[in-house]
Amino acid sequence: MAPFPIFGDAISLHEAARSPHFLKPVHSSSIHRWCTYGLRGIRLQTWLLAGRRVTSDRAIQEFLMATSLIELSRKHKRLQKAFEAEENSPPNKCNRD
C-alpha cells in the first residue's frame, strides 16, 4: 500500500473520473465501484480526507497497470491452452487429391 498522498496530490473521485489516464471519461460510479469492490481482484487505492474519499494520479496509474497485466495474463493463458489443444488434436485425415 502506498503512503498517504500529499494533500496537493489528492483528487476527488469525481475528478478521478475525468483523469487523462483513461482513454475516455468514465462515470464516477465506476470509480466508486473500483474503490469498493475492485476490478479483476484489484481495488483502486483511496484515502479518507476531511470526510471525503480521495485518490491520487499515482494510485490510478497503478490500478490501471495492475488490471491490464491481469487481463494480459488471462489472454496469454487462453491462447496457450488453445495452442496446446490444437497441438494435441489428431491429424486431419481428409484426402484432397
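Conventions and cut-offs
Residues numbered from 1 in each chain as written. Predicted model: local features only at pLDDT ≥ 70, side-chain atom pairs only at ≥ 80, totals over all residues. Heavy atoms only, no water. Helix = DSSP H or I, 4+ residues; strand = E, 2+ residues; numbered from the N terminus. Contact = heavy atoms within 4.5 Å. Areas by Shrake-Rupley, 256 points an atom, 1.4 Å probe, with all protein chains shown as cover. Salt bridge = Lys/Arg side-chain N within 4 Å of Asp/Glu carboxyl O. Buried < 20%, exposed > 50% of the residue type's maximum accessible area, 1.4 Å probe, protein only. Pairing = 2+ DSSP bridges.

(A) Quick peek at the overall build of the protein. Looking only at helices and strands, one finds three helices and three strands in the protein. The long-range fraction of contacts in the protein, counting pairs at least 24 apart against all pairs at least 6 apart in sequence, stands at 52%. Looking at the protein as shown, the accessible area adds up to about 7,800 Å², and 56% of this sits on carbon and sulfur atoms.

(B) Seen up close, the pattern of salt bridges. This structure, assessed with the given rule, holds one salt bridge. With a closest N to O distance of 3.0 Å, Arg58 and Glu62 form a salt bridge. With Arg58 and Glu62 both in helix H3 (residues 57–88) and four residues apart, the pair spans about one turn of that helix. Note on Arg58: relative accessible area 53%, which makes it exposed.

(C) Focus on the pairing of strand E3 (residues 52–56). Across three bridges, the pairing between strand E1 (residues 10–12) and E3 is antiparallel. Opposite Ile11, over in E3, you have Thr55 as the bridge partner. Examined bridge by bridge, strand E2 (residues 47–49) and E3 share three bridges and lie antiparallel to one another. Following the sheet pairing, Leu48 is matched in E3 by Arg53. Turn length for the E2-E3 hairpin, with the two strands adjacent in sequence and antiparallel, is two residues, and the turn residue Ala50 shows positive phi of about 55 degrees.

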